[in-house]
Amino acid sequence: MINIPRGTQDLLPKDTYKWQYIENKLHELMRLYNYKEIRTPIFESTELFSRGVGDSTDVVQKEMYTFKDKGDRSITLRPEGTAGVVRSYIENKMQGEPNQPVKLYYNGPMFRYERKQKGRYRQFVQFGVEAIGSENPSIDVEIISMLVHIYKSFGLKDLKLVINSIGDAESRADYTKALQAHFEPVIDTFCSDCQSRLYTNPMRILDCKVDRDKEAVKNAPKITEYLNDYSKQYFDDVKYLLDEIGIDYEIDTNLVRGLDYYTHTAFEVMSNAEGFGAITTLCGGGRYNGLLELLDGPKETGIGFALSIERLLLALEAEGIEIEQEDTIDLFIATMGEKADQFSVQLINKLRIAGISCDKDYLGRKLKGQMKQADRLNARNTIVIGDNELEKEEIEVKNMETGEKTLVSLSELENYLKVES
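Residues numbered from 1 in each chain as written. Predicted model: local features only at pLDDT ≥ 70, side-chain atom pairs only at ≥ 80, totals over all residues. Heavy atoms only, no water.

**Student:** Explain the overall build of the protein to me, and be specific about the residues and the numbers.
**Tutor:** A tally of helices and strands in the protein yields 15 helices and 16 strands. Expected size for 421 residues packed as a compact globule is a radius of gyration near 22 Å; at 28 Å, the protein overshoots this value by more than 25%. Seen along its three principal axes, the alpha-carbon backbone of the protein occupies a region of about 95 × 55 × 45 Å. Buried positions account for 48% of the 421 residues belonging to the protein. If you take every contact in the protein between residues at least 6 apart in sequence, the share linking residues at least 24 apart comes to 69%. Of the accessible surface of the protein, which amounts to about 21,700 Å², a share of 47% is contributed by carbon and sulfur atoms. (Helix = DSSP H or I, 4+ residues; strand = E, 2+ residues; numbered from the N terminus. Rg over C-alpha atoms; globule rule 2.2 N^0.38 Å. Buried < 20%, exposed > 50% of the residue type's maximum accessible area, 1.4 Å probe, protein only. Contact = heavy atoms within 4.5 Å. Areas by Shrake-Rupley, 256 points an atom, 1.4 Å probe, with all protein chains shown as cover.)

Dropping the structure here:
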């Protein structure tokens, strides 16, 4: 037997209704914020991610699904959404659109080759938001408040928002030198990944899962001590606006995010729910002021976030929040005899076209078995069609909740069911 690939999952009907509910709610929330959906390819040129995400990141070095196509081009299944959205923004010259900044959102599968953990898969679904074309603290706050709004709209309460500033390119350059000087004397006691990061991306040492509890990490210089005046003011403005709209947050000076393109504001939302797991991060995001130029685009700035649908579902489970399934149909048609079964095919087609959800027996069950099927489908109403009903052109509609029966002509059945539903 051929089994499902490791690190993937089948979403069966008993679960897909939850995904549909979440996706529909997210679409509606995006309408409130005036963000428009974008859909980019599942695979892109490998260079897009090596340049955009960063050669020194774990994503590029260890986790990408990369292959050669028949034209000998290096292709990668997308490991994240931002690079593809920015590529599309540049390629389609969205900076010339009249409505600025360009506000976009996406929802779809991403792929990373990593060890399977609870809530983490090699194929996973990310919902993400990008606002490109404005370097203004108010758009940072809009993005952060939107993220908090999303989680609270699903009923989550045990949440923690953490923020930090990574500063601009000048601030990061000074901070990088300070980190290298700090870690050089003890770097041989760190993992091999951190040793290679010392001269490529030393900020990543701060969020290493292996070494993050070492004293050298705890005592490392803080990015906030190396922010230039512009970066300090920008971060102060973000904090002021968050305070003004009543968004609670904590400052974590070790929060650097995992990808190279982040600048200035960085943030994560975590779950404090008991039983959620050791990895508490639900989602994260930040500002990326140099990414567009890095990908040969215009000198525009952006900010965004991405959240995992799988981890959102885990957070809902941890807080005991159920997504109710509306698992019902308007009508179940039971039949007795060949003529009645043939007539039911015409009738059910007509009713479905009219917007009435209905089903019938397809296994030749006896009447008792058909009525059991109606119960399993949670049908609001049932009818039984036999020769007598066809001859009189009348049908008895039974309300399954009240048990009440109403005699209705077949020609009026559609109107009757529309009123009932």
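Anyway, onward from the coordinates.
**Student:** Quick rundown of the packing of aromatic side chains? Include the residues and the values.
**Tutor:** By the definition in use, this model includes six aromatic pairs. Aromatic side chains tyrosine 105 and phenylalanine 127 sit 5.8 Å apart centroid to centroid with 40° between the ring planes, which places their arrangement in the tilted category. One end of the pair, tyrosine 105, is in strand β5 (residues 102-111); the other, phenylalanine 127, is in strand β6 (residues 123-132), and 22 residues separate them in sequence. Note on tyrosine 105: relative accessible area 6%, which makes it buried. Using a relative accessible area of 1% as the deciding quantity, one classes phenylalanine 127 as buried. (Phe/Tyr/Trp six-rings, centres within 6.5 Å; stacked < 30°, edge-to-face > 60°.)

**Student:** Which residues make up the sheet that holds strand β4 (residues 74-77), and what are the values?
**Tutor:** The three strands lie next to each other as β2-β4-β3, forming an open sheet whose pairing is antiparallel. Whereas interior strands pair on both sides, the edge strands pair on one side only; in this sheet they are β2 (43-45) and β3 (65-68). Adjacent strand axes in the sheet meet at a mean angle of 35° when their direction is disregarded. Alignment of β2 against β4, held across three bridges, turns out to be antiparallel. (Pairing = 2+ DSSP bridges. Axes fitted to C-alpha atoms, helices over the stretch in contact; angles between N-to-C directions.)

**Student:** Explain the pairing of strand β11 (residues 302-308) residue by residue, including any values.
**Tutor:** Along any regular strand the residues' side chains alternate between the sheet's two faces. Counting buried residues in β11 gives seven out of seven residues, a clear majority hidden from the surface. The alternating pattern of β11 places Gly302, Gly304, Ala306 and Ser308 on one face and Ile303, Phe305 and Leu307 on the opposite face, and all of these are buried. As paired elements, β6 and β11 share seven bridges and run antiparallel to each other. Note that in β11 the partner of glycine 128 across the bridge is alanine 306. As defined by bridge partners, strand β10 (residues 281-288) adjoins β11 across six bridges and the pair is classed as antiparallel. The residue of β11 that forms the bridge with glycine 286 is glycine 304.

**Student:** Quick rundown of the environment of asparagine 399? Include the residues and the values.
**Tutor:** Along the chain, asparagine 399 falls in strand β15 (residues 394-399). Expressed as a C-alpha distance, the spacing of asparagine 399 and valine 53, which sit 346 residues apart in the sequence, is 58 Å. Excluding residues that lie within four positions of it along the chain, asparagine 399 makes contacts with Arg380, Asn381, Glu404 and Glu420. A distance of 2.9 Å separates a polar atom in the side chain of asparagine 399 from the backbone nitrogen of glutamate 401. (Polar contact = N/O pair within 3.5 Å; in protein donor to acceptor, adjacent residues only side chain to side chain.)

**Student:** Any chance you could break down the sheet that holds β6 for me, citing the residues and the numbers?
**Tutor:** Taken in spatial order, the eight strands of this open sheet run β1-β5-β6-β11-β10-β9-β7-β8, and their pairing is mixed. Where the open sheet ends on each side, the last strands, each with one partner, are β1 (36-37) and β8 (250-251). Sheet topology note: the strand β7 (residues 159-165)/strand β9 (residues 263-271) ladder contains seven bridges and is antiparallel. Residue asparagine 164 lies in a different strand from β9, and its bridge partner there is alanine 266.

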